[in-house]
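Tertiary structure, described
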Amino acid sequence: LKSGAISGVSLSAVIVQNERSERPPEIGTALLTTSIEEFLAADWSLCVEVAGQPWIRDHGKTVLAHGRDLLVTSVGVFTDDQLLEDL
């Protein structure tokens, strides 16, 4: 993403669990927040989850309810049949 090699794709927002004392340079000017509300208010269409299964349990349904796409990397979460059905 940083190199711009993928046309039309950019990093718009990053949600983290804990506040950071320094801003990671890899995220450029993207929003950096711990707030799901701020994260959802940003202008983006695809959430790529790399935070683990608890994040999907806590926020996956909310992301989808806001009309956003969700790419889950922690696919083990889908062994929970009820969560899979809910999503």
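So, here is what we can say about the structure in this document. Numbers given for residues are sequential positions, taken from 1 along each chain in its written order. Predicted model: local features are reported for residues with pLDDT of at least 70 only, side-chain atom pairs are reported and counted for 80 or more only, and whole-chain, interface and lining totals are derived from all residues. Side-chain metrics in this entry use all non-hydrogen atoms of the structure; hydrogen atoms and water are not considered.

**Remarks on the nonpolar core**
As used here, the term nonpolar core means buried Ala, Val, Leu, Ile, Met, Phe, Trp, Tyr and Cys residues forming a set that is joined through side-chain atoms within 4.5 Å. Buried means the residue's accessible area, taken with a 1.4 Å probe over protein chains only, is under 20% of the maximum for its type, while exposed means over 50%, and partly exposed covers the values in between. Grouped together as the largest cluster of nonpolar side chains are 14 residues, with contacts concentrated most on F39, W44, C47, W55, I56, V63 and L70. At the level of elements, α1 (36-41), α2 (53-65) and β4 (69-72) are the ones that each hand at least two residues to this core. Not counting residues up to four positions away in its chain, the partners in contact with V63 are L40, W44, C47, W55, R68, D69 and L70. Secondary structure is summarised from DSSP: a helix means a run of H or I of at least four residues, a strand means a run of E of at least two, and numbering begins at the N terminus for each. Only heavy atoms matter for contacts: two residues are in contact if any of them lie within 4.5 Å across the pair.

**Examining a nonpolar patch on the surface**
A contiguous nonpolar patch, built from L1, I6, V9 and L11 and spanning about 340 Å² of accessible area, is present on the exposed surface. With respect to the helices and strands, the residue I6 is situated in the segment before β1 (13-15). Patch membership needs two things, relative accessible area over 30% and no salt bridge, and members are linked within 9 Å if like-charged or within 5 Å if nonpolar (Val, Leu, Ile, Met, Phe, Trp, Tyr). The method behind every accessible area is Shrake-Rupley, applied with a 1.4 Å probe, and residues are considered shielded solely by the protein chains displayed. Salt bridge, as applied in this entry: a Lys or Arg side-chain nitrogen positioned within 4 Å of an Asp or Glu carboxyl oxygen.

**Digging into the side chain of R68**
By secondary structure assignment, the location of R68 is in the loop between α2 and β4. We count Lys and Arg on the positive side and Asp and Glu on the negative side, and we leave His and both chain ends out. Although buried, R68 forms no salt bridge, and the nearest oppositely charged side chain, D43, lies 6.4 Å from it. Setting aside chain neighbours within four positions, we find R68 in contact with F39, L40, A42, W44, S45 and V63.

**A look at the packing of aromatic side chains**
Put simply, two rings from Phe, Tyr or Trp (the six-membered ring, in Trp's case) pair if the centres are within 6.5 Å, and we call them stacked under 30 degrees between planes, edge-to-face over 60, tilted for the rest. Across all of its chains, the model carries 1 aromatic pair by this definition. Two limits define a charge over a ring: the Lys NZ or Arg CZ must be within 6 Å of the ring centre, and within 35 degrees of the ring normal. Here the guanidinium or amino end of R68 rests over the ring plane of W44, the centre of that ring lying 4.2 Å away.

**Quick look at the pairing of strand β3 (residues 46-49)**
Burial of β3 is one-sided: the residues C47 and E49 facing one way are buried, the residues L46 and V48 facing the other way are not. Judged from the 4 bridges that link them, β3 and β4 form a sheet pairing that is parallel. Along β4, the bridge assignment pairs C47 with L70. Seen with the strands pointing away from the viewer, any crossover whose path from the first strand over the helix to the second strand runs clockwise is right-handed. As a crossover connection, the stretch from β3 through α2 into β4 is right-handed. Here, a strand pair is defined by DSSP locating no fewer than two bridges between the strands.

Note that all results are geometric; they support no functional claim without further evidence.
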